[in-house]
Each structure stands twice: as structure tokens, then as C-alpha cells.
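The lines below spell out each chain.
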Amino acid sequence: MIHNRDELKECRQKAKADMETAACRILVCSGTGCIATGSEKIYNRFLKLANITPGVSVIFAPHDEDTHIGLKKTGCQGFCELGPLVRITKNDETVQYVKVQLDDCQELFERAVLGDEVVERLLYRKEKKVYRHPKEIPFIAKQTRIVLENCGRFDAESIDEYMASGGFSALEKAMFEMTSEEVIEEIDKSGLRGRGGGGFPTGRKWKQVAHQKEKVRYVVCNGDEGDPGAFMDGSVMEGDPYKLLEGMMIAGYAVGAANGYIYVRAEYPMSVSRLRHAIAEMENRNLLGDNILGTDFCFHMHINRGAGAFVCGEGSALTASIEGKRGMPRVKPPRTVEKGLWEKPTVLNNVETFANVPKIILQGADWYRSIGTAGSPGTKTFSLTGAIENTGLIEVPMGSTLREIIYDIGGGLKGGSQFKAVQIGGPSGGCLTEKHLDEPLDFDSVKKFDAIVGSGGMVVMDQHTCMVEVARFFMSFTQRESCGKCVPCREGTKRMLEILEKIVEGRGEEEDLDRLEELAAMIRSMALCGLGKSAPLPVISTLKLFRNEYLEHINEHKCAAKVCQAMRKYVINPEFCKGCSKCAKNCPVGAISGKVKHPFHIDPNICIKCGACKENCAFNAIYIEE
């Protein structure tokens, strides 16, 4: 139990001293991506090796003469493409190992842990250059990590390691050196804007809640990360849960709230598990609950699991879901700051926003403003996915360009493919193309291109991507996830999806493009919530930037990317065909005819474009006609 400020400082110093006793630290990435590729088994193998090795101890005892090894499960180390990832820290040097397999553990343990060697075959290589330290790798070196600073460096579940890294120093400073008004003023002065997509000034929101006459107030964290391809908030919750909780507690102290709620989507079981563990640890240390650190400040934390509805990422739908109601947006005003959870004033921010707060309180608003742009200070986390060499989790200053993110950090496109576009902001965002590569990415700059930064999902696409199909995919997602409360979103997205499906099936007309634009304008102006208003953005941006592809689908019944199944034309090259008849035997509709040992032929009027013939041809004689 920690009863006061002095005891917190003592615990922090002790935790740091204990951590420094380790002769070596083995940091196994235990983010969702690495666990999916086997990092849990790698951790257990290292544990087994340590337990059976004489003179080696994983658990430190004050009078133990054994060599102390710190074997830790860290948060996401970021370089998801090359997992499982392992870092070994010894003699003040950290070495990054990539694509570590079970069979590699023995060699790593004997040579790098017990010995002082580096296992070079497991190091990261790029263009004949070998990288040892994680900060030397371009993917990591070109990032600026504030929110993700602890991920990959400390045990994600250990409250002692969080304290050893300086954890709860910001809470301590806020509670004992600042008034609640000064905390809000510092956040406001920093220019921190909501990282959930809206970009609303955080300090202004906190001020509005603090000025309400109603004294019962709540702090709510939106961890309902529903965008396809996005995993930033989930990585923070599972990789540095104490930082999120500390940020929420500072918000509670600032606005006079006694309860905090974290709304996590059900698809994030590890985030829920680690948050629950962190909350329990903090309660056991008296860092959560009543009379925290011997003061009058009381704060209790609760976790609510969502059922996977995308619309619950919208503020009023989220609070309705916590209350046990159906997650549907409501008409505003009143806004959440006036009547939010249980119709009480509520601070509602997303995971990344709260995770920025401790560092701002510790290092000041001026320091934070020195990063990023004047209108969008600080950093932004992005999840890099799609046709890119280095998929993973990154954090860069606001105002960074797409070129820096895709080529300097992401390593360019896979296989040297040609860049075509990037979908930013998820299903509520839009596309940016080659002409936007050198534009700064911040909340304000991307709006003029019919896109939004959103929560930070970034899907990179190459020349093999059909932009009409991209628009259809995101519209399908939005339409399926519509709560159905307002007609413009419920019916408008359905009509737009029907038109897009008609076009990709080769039945489109040029007038359909006018109808799409009319429907998009109607939905943007009349939908009830922000999710509905932004639903047409992928269609609007692809129509503006890739209208020729829409016209190609309509007028030529052709998909240059060969993605739209209805427009594929399978052809047998007679020069390669051996007449084995395997394609004809595997065709489910009998569209292929011919004589054995002679070239076969596909009837395009019967062919259903399933591709079974191409998959079964052993001579690469079947191709999709340009």
C-alpha cells in the first residue's frame, strides 16, 4: 500500500533499483501480432531455459548469488512485419532480433544471454546493411515516440516497471504541485487535440466539463477502435495500460470526476485482460480508489466491453451502450460535456489522447508544442498496413508527409510496386494519391483533400488495387454498421452500395456517377452523427481522383487491376496448353471444351470467372486478359 507522496517516491526508487539488478533483460514482444506468430511459446522456452540453467535466476532475491535475468513480456515493439520480435539488453546495449523461432531460443540464450555474443543471423538486414540496435533501424529511428515510448522497453503488466520508468510522476505533480485549473490550462495551452478522429481541442473540452454546475462528472475513454486495419489504441491498452490509466486519473482530478470508464471493443480480449490486471494492481497499491496518496482525491475505474458495433465509436452511442441501452447516436445539443454518461457532464477522449497527458504535465505545454505543427501539435500514431514493405505500428510528429511515412519508415511498397493511393481515416476517411505525397499530414491539411486523419488507420495500395472496389468495400462496411436511426445514413448508404455493386458487376451506367455524388452530398449534410456524415468520403475521394476507373468499368466493362471478378476474362494460351484437360475437369459450369492433347478453349458466355481453371493449370497456360 502506498499512503502518501513520499512512499510513492520510495516505491519508484526501489522499483528502479530492482530493475537495474538484472545482468540481462530478455524483452519478448507480446503484442497481439507477435503472439499470433508464436511469441508466447518463445517466452515460455526462454523461461524453461533459465530455470534449468544452474546459477541463473529469473526472480530476484536480495541475497541471491545467482545471475538475475529479467525475462519480460513487453507491449508491441512496432515492427509487426518481422515478428516474433525479441530484444536483449546487456551491458547497457539493446540488440533487436527479428523473426525469432523456437529453435533459435537455445542459441540466443547461450550466446547472447549467458555469453556476450550477438547472433547476427537474427538481426535486421536492409540493402546489405545489418542493424543491431532498435534505434538504428530506419523504421524506428525516424519515429518520435511519446505515446508508444514504453512499448517494447518494459513489462506491460508490471506496475513496478512502470514506476521505474517514471510512472505516476505526472499524477504526483498534478495532485501536489498544481491546482485542477492549472492542469486544465496546461492541457489547453499544449494544443492537444482529440486523437479519435475529430481533432477537438482537449483542453477546451475539459474546461467545459469543469465549468458545469452539476458536480457529478465522469471521465470516459473510447477504446472502441473499429476501423478496418487500425490497431493503435489496442496496442497502447495492451502495451502500456498504466499510462492510459494515469492520463484518465489526471483528467478526473482536473474536472472533479470520481469515476472513469474505459469502453473496449470485445475483439480486444488482451487489452481487457491487461487493463483489468493494471487496475487491480493500482487498487492494491492505493493508487486507485478512495483518498489516493492520502489526499481527498477519490477515483474508481471501470471497464465496459462493447459488442463490436462500429457506431459505438461515436460519443453519444458509446455512453448509451455503457448505460445498457442500444448504442445509437442522439441529436445534439446537448453535447457530451453537458449531458453525457447518465446525463452528467462527461470528458470523453480516446486512448491515444489520454496517453499523451502524463508527458504534457511532466514536460510542459511548450515542450509539446515544439513537436508537430502550430495547429496540430504533438505526434500521431498510425497503423501501417496494405501493400507496404514494413507493416506495423508507428508514431510520427504531426505534419509528417506521406512520403516520409511510406518510404522512409515503411520501406516503400512491397516488391517495388508502384504507389497508387493510401486510404487514411478508415471507412470514414478518403484517399490520398501520389500528388499528395509531400503534403503535411495533420487535422486541418487533409480536409481539403476530402480525407481525414481519423484515428490513424493507413492502408497503402499499389497498382494492383481497384479503387472502385475499395469504395465498394468501405461503403459495404459503413452500410452494414449503420445503426439505422436516421434515414439519410440507413437508406442513403444502402442506395450508394447498390450502385457501387452494380458498377463492379459490369452493369453500371454513367448516370450512376451523378447519383452517387447526389447521394453523397445528401448524406454528408443530413446524417445525424459524424460517422454518418463521413460515410461517403471514400466514394467522394475516389470519384474525384480515379473517375477514369469508374468510367472504364462502366464503358469498357474492364477492371485494369483485374480485381472485379465479373470483369475478368479467362483465356487459354494455345502455345502453353498441353491439352491435359485438367482445367475442363475442374470447371464447375462446363465452360471449357477441347480435345485431349490439343489446346482447350473457354467459352466467355458460360464462364462464371471463378478462377478454378487457372488455379489447377500446371503449365501457366491460363491468364486473365488485359
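Strand β14 (residues 419-424) sits mainly inside the fold: six of its six residues count as buried. Summarising the sheet, β14 and strand β16 (residues 457-462) pair through five bridges and their orientation is antiparallel. In the strand pairing of β16, Ile424 is matched with Met458. Bridge count for β14 against strand β15 (residues 430-433) is four bridges, and the pairing is antiparallel. Bridge assignment links Gln423 to a residue of β15, and that residue is Cys431. The turn joining β14 and β15, which pair antiparallel and follow one another in sequence, is formed by five residues; a positive phi near 90° is taken by Gly425.

Right, let's get into the sheet that holds strand β13 (residues 392-397). One open sheet accounts for five strands, arranged β13-β12-β16-β14-β15; its pairing is mixed. Sheet topology places β13 and β15 at the edges, where each strand pairs with a single neighbour. Strand after strand, the sheet turns through a mean of 30° between neighbouring axes, direction not considered. Taken together, the six bridges between strand β12 (residues 379-386) and β13 define a ladder with antiparallel strand orientation. By the bridge assignment for β13, Thr381 is matched with Glu395. Its contacts with the sheet put helix α10 (residues 232-239) on β12, β13 and β16, and the angle it makes with β12 is roughly 115°.

The next point concerns the pattern of salt bridges. Under the counting rule described, the total for this entry stands at 43 salt bridges. Notably, a salt bridge pairs Glu40 with Lys73, separated by 2.7 Å at the nearest N-O pair. Pair noted here: Glu40 is in helix α3 (residues 39-52) and Lys73 is in strand β3 (residues 67-74), with a separation of 33 residues, a long-range link. According to the relative accessible area criterion, Glu40 is partly exposed, its value standing at 31%. Relative accessible area serves as the criterion here: at 24%, Lys73 is assigned to the partly exposed category. Lys325 is the salt-bridge partner of Glu323, the closest N and O atoms lying 3.0 Å from each other. Several salt bridges converge on common partners, so that one network encompasses Arg5, Lys9, Arg12, Glu172 and Glu177.

In this section: the side chain of Lys609. Positionally, Lys609 belongs in the loop between β19 (601-602) and α24 (612-616). Despite its burial, Lys609 pairs with no opposite charge, the nearest such side chain being Asp603 at 9.1 Å. The residues touching Lys609, leaving out its near neighbours within four places in the chain, are Gln565, Ala566, Arg568, Tyr570 and Pro604.

A few words now on a nonpolar patch on the surface. Where nonpolar side chains cluster on the molecular surface, the patch consists of Val589, Ile606 and Ile608 and spans about 220 Å² of accessible area. Its location among the elements puts Ile608 in the loop between β19 and α24. Residue class for Ile608 comes out partly exposed when judged on its relative accessible area of 44%.

On to the packing of helix α8 (residues 180-190) against helix α9 (residues 202-210), then. Across the interface, α8 lies against α9 with an axial gap of 7 Å and an inter-helix angle of 150°. Overall, the two elements α8 and α9 adopt an arrangement that is roughly antiparallel. Here Val183, Ile184, Glu185, Ile187 and Asp188 of α8 lie close against α9, whose contacting residues are Thr202, Gly203, Arg204, Trp206, Lys207 and Ala210. Of the residues contributing to the contact of α8 with α9, the split by class is five nonpolar, two polar and four charged.

What follows concerns the packing of helix α17 (residues 467-481) against helix α21 (residues 537-545). Running from N to C, α17 and α21 point in directions that differ by 170°, and their axes come no closer than 9 Å. Between α17 and α21, the angle is such that the two are roughly antiparallel. Here Met467, Ala471, Phe474 and Met475 of α17 lie close against α21, whose contacting residues are Pro538, Val539 and Thr542. Here the contact of α17 with α21 is built from residues that sort into six nonpolar, one polar and no charged.

Let's shift gears to the environment of Val357. With respect to the helices and strands, the residue Val357 is situated in helix α14 (residues 351-363). A relative accessible area of 0% means that Val357 is categorised as buried. Sequence spacing of Val357 and Gly229 is 128 residues, and the spatial spacing of their C-alpha atoms is 26 Å. What Val357 contacts, discounting residues up to four positions off in sequence, is Ile187, Leu192, Trp206, Gly247 and Ile250.

This part takes up unusual backbone geometry. Between Lys332 and Pro333 the backbone carries a cis peptide bond, its omega angle lying at -5°. Within the fold, Pro333 resides in the loop between α13 (315-322) and β11 (346-350). Geometrically, the link from Pro333 to Pro334 is a cis peptide bond, its omega value of 0° lying close to zero. Relative to the elements of secondary structure, Pro334 occurs in the loop between α13 and β11. Its identity as a non-glycine residue notwithstanding, Phe168 has a phi of 70°, on the positive side. Here Phe168 falls in the buried class, since its relative accessible area comes to 0%. One non-glycine residue, Asn620, lies in positive phi territory at about 50°. If you trace the backbone, Asn620 turns up in the loop between α24 and β20 (622-624).

Further remarks concern the sheet that holds β11. One open sheet accounts for four strands, arranged β10-β9-β8-β11; its pairing is parallel. The sheet terminates laterally at β10 (300-306) and β11, the two strands that pair on one side only. Across the sheet, the mean angle separating the axes of adjacent strands is 20° when strand polarity is ignored.

What follows concerns the layout of surface pockets. Reported here for the largest pocket is a volume of approximately 1600 Å³. Within the lining of the largest pocket, the residues separate by chemical class into 10 nonpolar, 23 polar and 14 charged. If you add up the space inside the second largest pocket, you get close to 750 Å³. Around the second largest pocket sit 28 residues that line it, and Thr89, Thr94, Lys135, Arg153 and Phe154 are the ones nearest its centre. The set of elements that each furnish at least two residues to the lining of the second largest pocket consists of α1 (5-20), β1 (24-29), β4 (86-90) and α5 (138-141). Looking at the lining of the second largest pocket, its residues break down into 12 nonpolar, six polar and 10 charged.

With that out of the way, let us pick up the nonpolar core. Judged by nonpolar contacts, the single largest core of 66 residues is most densely connected at Phe168 and Trp206. Residue contributions to this core peak at 10 residues, all from helix α11 (residues 241-255). Not counting residues within four places of it along the chain, the set of residues in contact with Trp206 comprises Val183, Ile184, Ile187, Ala251, Ala254, Val255, Val347, Asn349, Phe354 and Val357. Counting residues in each nonpolar core, the second largest holds 35 residues, with Leu384, Val396, Ile406 and Ile424 among its members.

Calculation notes
- Residues numbered from 1 in each chain as written.
- Predicted model: local features only at pLDDT ≥ 70, side-chain atom pairs only at ≥ 80, totals over all residues.
- Heavy atoms only, no water.
- Buried < 20%, exposed > 50% of the residue type's maximum accessible area, 1.4 Å probe, protein only.
- Helix = DSSP H or I, 4+ residues; strand = E, 2+ residues; numbered from the N terminus.
- Pairing = 2+ DSSP bridges.
- Axes fitted to C-alpha atoms, helices over the stretch in contact; angles between N-to-C directions.
- Contact = heavy atoms within 4.5 Å.
- Salt bridge = Lys/Arg side-chain N within 4 Å of Asp/Glu carboxyl O.
- Lys, Arg positive; Asp, Glu negative; His and termini not counted.
- Patch = residues over 30% accessible without salt bridge, like charges linked within 9 Å, V, L, I, M, F, W, Y side chains within 5 Å.
- Areas by Shrake-Rupley, 256 points an atom, 1.4 Å probe, with all protein chains shown as cover.
- Parallel < 35°, antiparallel > 145°, perpendicular 65-115°, else oblique.
- Nonpolar A, V, L, I, M, F, W, Y, C, P; charged D, E, K, R; others polar.
- 1 Å grid on protein atoms, 1.4 Å probe; cavity = no way out; pocket = protein on both sides within 12 Å on 5 of 7 lines; lining within 4 Å.
- Points joined across faces, edges and corners; volume = space filled by probe spheres on them.
- Core = buried A, V, L, I, M, F, W, Y, C linked by side-chain atoms within 4.5 Å.

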